[in-house]
Structures are given as structure tokens and as C-alpha cells.
Amino acid sequence: MGPLRPSREGGWLAFTTDPIAHHLGWAVRYHPDHGRTVLLLRDEDTASLHTYWTGA
């Protein structure tokens, strides 16, 4: 998994391509009050999710 990035709300974000199925990507978000979200999606969609989650 790539480096953990701090999120705007506290907690962290991480994104990576699946090591076996390269067409899939993992996105993980941790929030101190609401817990963890783990998504498996098409790898080509992880960039737009990263942009959405980071607010960039």
C-alpha cells in the first residue's frame, strides 16, 4: 500500500493497485470517530476517488 496520507477530518487515507489483479485498486480511509472504509474498485477509478476524498 502507498504511503498513508492525513485526511482533512483527521485519520488517514491510502490507495494501492492490487498486486495480483492489476485492474483492481484498493482504497482505505480511516476516521477516528467513524472507523474504517475499505473499497475495492477498478484501478482506473482510484484517482478520482483520491481527489474526492482529499478535496483536491
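Reading guide: rules and limits
Residues numbered from 1 in each chain as written. Predicted model: local features only at pLDDT ≥ 70, side-chain atom pairs only at ≥ 80, totals over all residues. Heavy atoms only, no water. Salt bridge = Lys/Arg side-chain N within 4 Å of Asp/Glu carboxyl O. Buried < 20%, exposed > 50% of the residue type's maximum accessible area, 1.4 Å probe, protein only. Pairing = 2+ DSSP bridges. Helix = DSSP H or I, 4+ residues; strand = E, 2+ residues; numbered from the N terminus. Arc of directions from axis to C-beta. Contact = heavy atoms within 4.5 Å. Phe/Tyr/Trp six-rings, centres within 6.5 Å; stacked < 30°, edge-to-face > 60°.

### Here we look at the pattern of salt bridges
Next up, step 1: A full pass over the atoms with the stated rule returns two salt bridges.
Next up, step 2: A salt bridge links Arg 42 to Glu 44; the shortest N-O distance between them is 3.5 Å.
Next up, step 3: Judged by its relative accessible area of 48%, Arg 42 is partly exposed.
Next up, step 4: One salt bridge connects Arg 42 with Asp 45, and the closest N-O pair in it is separated by 2.9 Å.
Next up, step 5: Overall, Asp 45 belongs to the partly exposed group, its relative accessible area being 25%.
Next up, step 6: The network of salt bridges with shared partners includes Arg 42, Glu 44 and Asp 45.

### Regarding the pairing of strand S2 (residues 12–17)
Next up, step 1: With six bridges connecting them, S2 and strand S3 (residues 24–31) associate as antiparallel partners. Of the residues in S3, the one forming a bridge with Thr 17 is Gly 25.
Next up, step 2: The loop that links S2 with its antiparallel partner S3 comprises six residues.

### Side note on helix H1 (residues 46–54)
Helical geometry note: an α-helix holds 3.6 residues per turn, so side chains three or four residues apart project in the same direction.
Next up, step 1: Every buried residue of H1 is accounted for by Thr 46, Leu 49 and Trp 53. Summarising the axial view, the buried residues of H1 lie within an arc of 60°, below the 170-degree limit, and thus occupy one face. Facing away from the buried surface of H1 by more than 90 degrees, the exposed residues are Ala 47 and Tyr 52.
Next up, step 2: Buried positions along H1 lie against S2, S3 and strand S4 (35–42).

### Brief notes about the packing of aromatic side chains
Each aromatic ring pair is summarised here by two numbers: the centre-to-centre distance and the angle between the ring planes.
Next up, step 1: In this structure the tally under the stated criterion is two aromatic pairs.
Next up, step 2: Here Trp 12 and Tyr 30 contribute two aromatic rings whose centre-to-centre distance is 6.0 Å and whose plane-to-plane angle is 25°, an arrangement assigned as stacked. On the criterion of sequence distance, the pair formed by Trp 12 in strand S2 and Tyr 30 in strand S3 is long-range, its members being 18 residues apart.
Next up, step 3: With relative accessibility at 24%, the residue Trp 12 sits in the partly exposed group.
Next up, step 4: Owing to a relative accessible area of 30%, Tyr 30 belongs among the partly exposed residues under this scheme.
Next up, step 5: Note on Phe 15 and Trp 53: the rings are 5.7 Å apart at their centroids and 45° apart in plane angle, and the pair reads as tilted. Here Phe 15, found in strand S2, pairs with Trp 53, found in helix H1; they are 38 residues apart in sequence, far enough to count as distant. Trp 53 carries the same exposure label as Phe 15, and that label is buried.

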